[in-house]
There are 2 protein chains.
Amino acid sequence: MQITLKDIARMAGVAESTVSRALNDKPGVGQETKAKILKLAQKYNYRPNQLARGLAVNKTNMIAVILAEMDSPGNIEIVKNIEKAAEEVDYQIILCNTNNDLKKEKSYLSLLEANQVDGAIFIGGKLVSSQLLRLSFEEKNPMVLVNRLAEENFFTSVLTNYSQGIYKAVEHLFEQGFRKIALICGDKDNLTESEKINGYYQAYTEAGFSVNEDLIFSTGADRTSGYNAFLEIMNRDIIPDAFISTRELTTIGLVEAIKFGGYFIPDDFAVVGYGDNILTSVIDPPLTVLNEPAAELAKLSFDFLLKLIKDKLEGQQIKVLTPELIVRESSIAKYN
Amino acid sequence: MQITLKDIARMAGVAESTVSRALNDKPGVGQETKAKILKLAQKYNYRPNQLARGLAVNKTNMIAVILAEMDSPGNIEIVKNIEKAAEEVDYQIILCNTNNDLKKEKSYLSLLEANQVDGAIFIGGKLVSSQLLRLSFEEKNPMVLVNRLAEENFFTSVLTNYSQGIYKAVEHLFEQGFRKIALICGDKDNLTESEKINGYYQAYTEAGFSVNEDLIFSTGADRTSGYNAFLEIMNRDIIPDAFISTRELTTIGLVEAIKFGGYFIPDDFAVVGYGDNILTSVIDPPLTVLNEPAAELAKLSFDFLLKLIKDKLEGQQIKVLTPELIVRESSIAKYN
DNA sequence: GCAATTTACGCAAGCGCTTGCGAAAACTCA
DNA sequence: TGAGTTTTCGCAAGCGCTTGCGTAAATTGC
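Cut-offs applied
- Residues numbered from 1 in each chain as written.
- Chains lettered and ligands numbered in written order.
- Predicted model: local features only at pLDDT ≥ 70, side-chain atom pairs only at ≥ 80, totals over all residues.
- Heavy atoms only, no water.
- Axes fitted to C-alpha atoms, helices over the stretch in contact; angles between N-to-C directions.
- Helix = DSSP H or I, 4+ residues; strand = E, 2+ residues; numbered from the N terminus.
- Parallel < 35°, antiparallel > 145°, perpendicular 65-115°, else oblique.
- Contact = heavy atoms within 4.5 Å.
- Nonpolar A, V, L, I, M, F, W, Y, C, P; charged D, E, K, R; others polar.
- Salt bridge = Lys/Arg side-chain N within 4 Å of Asp/Glu carboxyl O.
- Buried area = accessible area lost by both parts, 1.4 Å probe.
- Polar contact = N/O pair within 3.5 Å; in protein donor to acceptor, adjacent residues only side chain to side chain.
- Buried < 20%, exposed > 50% of the residue type's maximum accessible area, 1.4 Å probe, protein only.

With an unreviewed UniProt entry as reference, chain A is termed Transcriptional regulator, LacI family, source organism Halanaerobium salsuginis.

Here it is as structure tokens:
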């Protein structure tokens, strides 16, 4: 049996309330009584039952981090940094993986409704906002969205400006002399993905070029999709001189396919990938990538959430961060 | 304000106990009453407060996963799989990163003592068991250790047989004709690491060779350590013809250093790395690696924990898994 | 149609903690 | 020294849920 507040109170010969106050550094308890209580608590290794405490004060010091996919190193990076931020203010994070499954997302959402967590951070995913709406607005549950676009976005969010990222990438490739840039992205109806396509169009348009739609390839987000994308694109009428892959795993698949096809990067094809992970920097040649500022995304989102929890956030906040273009060899034209 | 049991009870015109029983599918409540209650709960989107519930039944359906380091892809892989297993039986996992900090580990341990979680899984780390002893034994807190060796191990654990892994690797390299195999591992006083060294010795001995200690290099677990290890080893008297790197990140650093030095794998040096992540399979040449069965480690440890929680585990259980040797080009002798 | 079961439900205590309020004790200060 | 102030502490309710026990109602069997 665990030792409880009551036990300490009995042993100290005081009321439970006094013990509670002493332990929580609240005023209204004398020096000696406090000392005695603390000593006892120490001696018996007393740990307040957080459930009881949470129930009483309606606060758990836990937040849910709800991931759309755990396979993305970038997402993991964000989680790591949230954990770090949380730890500093003594918050625990509970990790949820929805696997892009709407049902699971909803079910995890009930952590919030069930008062098990003080707030939640959603990372990625494509649930339309209306699903979450009811809860957030009617029940005022603290939550913030990371890298998730919603049609009607009244959520506090911190986003990566994919559009601008792709824009940068295209611009860079233009500078290197590439003109036929294939874009490997996700499904067009996905807001995040259409953003990317926008950036692509914008870059082409502003440079005075026109877009060949055959160069835009929508596919899944996994490795195989990236691999197959290359094969398919090579079957089209127009052969690209460069690739932009907009997801982490597709980038890997793409590179594999190119190499397996006996082509060389950047000699045959320039490549701009996504995500600065162990792979992209070590692979041969080192990959130029767009990289989202995971640490910053994490920090900002956690800060927002904390403020929401403490009721200190005025109105909806949206912060948009620009991914960084890390230029390495894979996108440098040979004779430039 | 959240809607509560009491609210439902009032609206249904029954006692709280009845509502509770109805919602939890317990016997003792009539068909119609039950239906009425369920409908109301549905209508008002009632979610039982898990804190209150937990307090009442002394169970939270949450477990802590306490990671020594979040930078290891292998560890992340284990976490992912634990999450998966947990999700299936409706358990939540709360993620803790100790960063190999003993203080933090202790503090996270108090999640157990504070009844916030039903159990904990420790992944990696080098805390000597005596630190945890008191809690586990005196308080009978369910916990299982993954990949953590302890001097006096009375904990239920699931371990990777590093010794045998290294043995396999050396054996394989022998078969390929390599004889001067450098071993890059961690500090010798670390149990896990000395295991590896044992495997190395054993392989050499059984093959009838003697070990040159200059080929054993103890260093940190990060990328830079791997990088520098190569440089240092090249400065020693004996130049190896092969490398075994026993941690994920050092493997990457090692490969970088070799390539940066202008050497070729496996022509100049054969390499056996650790961890089958995106990198090792895509890099050029594809890396031969030792890989721990993350999914299995996860599944087993979670199952053990679940049984411990349900008081269904008889005695201490220890399961030892052997890492798989995935042979790729990096360790294949050119003219073999 | 009546005793004996069985079923359906309410009562109330309890999980371990917090907190507002009131009272007793300990201080002021003239 | 005594009225007023401050400090220290206990009482008890409450957080939202579960559960053992008791009883009234419905059901059974003969």
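Still to come is the rest of the account.
Caption draft 1: Layout of the packing of helix H1 (residues 5-12) of chain A against helix H2 (residues 16-23) of chain A. All names here are of chain A. At their nearest, the axes of H1 and H2 sit 8 Å apart, and the two run at 105 degrees to each other. One element, H1, and the other, H2, form an angle in the roughly perpendicular class. In this structure, H1 contributes Leu-5, Lys-6, Ile-8 and Ala-9 to the contact, and H2 contributes Glu-16, Val-19, Ser-20 and Leu-23. In terms of residue class, the contact of H1 with H2 is built from five nonpolar, one polar and two charged.

Caption draft 2: A look at the pattern of salt bridges. The full count for this structure, using the stated rule, is 24 salt bridges over all chains. Between Asp-118 of chain B and Lys-59 of chain B there is a salt bridge, with the nearest N and O atoms lying 3.2 Å from each other. In this pair, Asp-118 of chain B is assigned in the loop between helix H6 (102-113) and strand E3 (119-123) and Lys-59 of chain B in the loop between helix H4 (50-57) and strand E1 (62-67), connecting sequence segments 59 residues apart. With a closest N to O distance of 2.9 Å, Arg-223 of chain B and Glu-256 of chain B form a salt bridge. Residue Arg-223 of chain B is found in helix H10 (residues 223-234), and its partner Glu-256 of chain B is found in helix H11 (residues 248-260); the two are separated by 33 residues along the sequence. One connected set of salt bridges, linked through shared partners, spans Asp-71 of chain A together with Glu-77 and Lys-80 of chain B.

Caption draft 3: Examining the interface of chain B and chain A more closely. With 46 residues of chain B in contact, the opposing surface of chain A contributes 46 residues. Contact between chain B and chain A buries roughly 4500 Å² in total, counting both sides, with carbon and sulfur atoms accounting for 60%. Among the residues chain B hides against chain A, the three largest losses belong to Leu-51, Ile-278 and Val-282 of chain B. Together they make up 16% of the total. Our count for the contact surface shared by chain B and chain A stands at six salt bridges. Residue Asp-71 of chain B is joined to Lys-80 of chain A by a salt bridge in which the shortest nitrogen-to-oxygen separation is 2.8 Å. Linking chain B with chain A are 20 residue pairs in polar contact (both at pLDDT 80 or more). Those elements giving two or more residues to the side of chain B that touches chain A turn out to be H4, helix H5 (73-88), strand E2 (92-97), H6, H11 and helix H12 (278-282) of chain B. It is E2 of chain B that provides the largest number of residues to the side of chain B that touches chain A, a total of six residues.

Caption draft 4: Up close: unusual backbone geometry. Between Ile-265 of chain A and Pro-266 of chain A the backbone carries a cis peptide bond, its omega angle lying at 0 degrees. Even without a glycine there, the phi angle at Asn-100 of chain B is positive, about 60 degrees. Within the secondary structure, Asn-100 of chain B is located in the loop between E2 and H6. One non-glycine residue, Asn-147 of chain B, adopts positive backbone phi at about 55 degrees. Tracing the sequence through the fold places Asn-147 of chain B in the loop between strand E4 (143-146) and strand E5 (156-160). The exposure class of Asn-147 of chain B is buried, given its relative accessible area of 8%.

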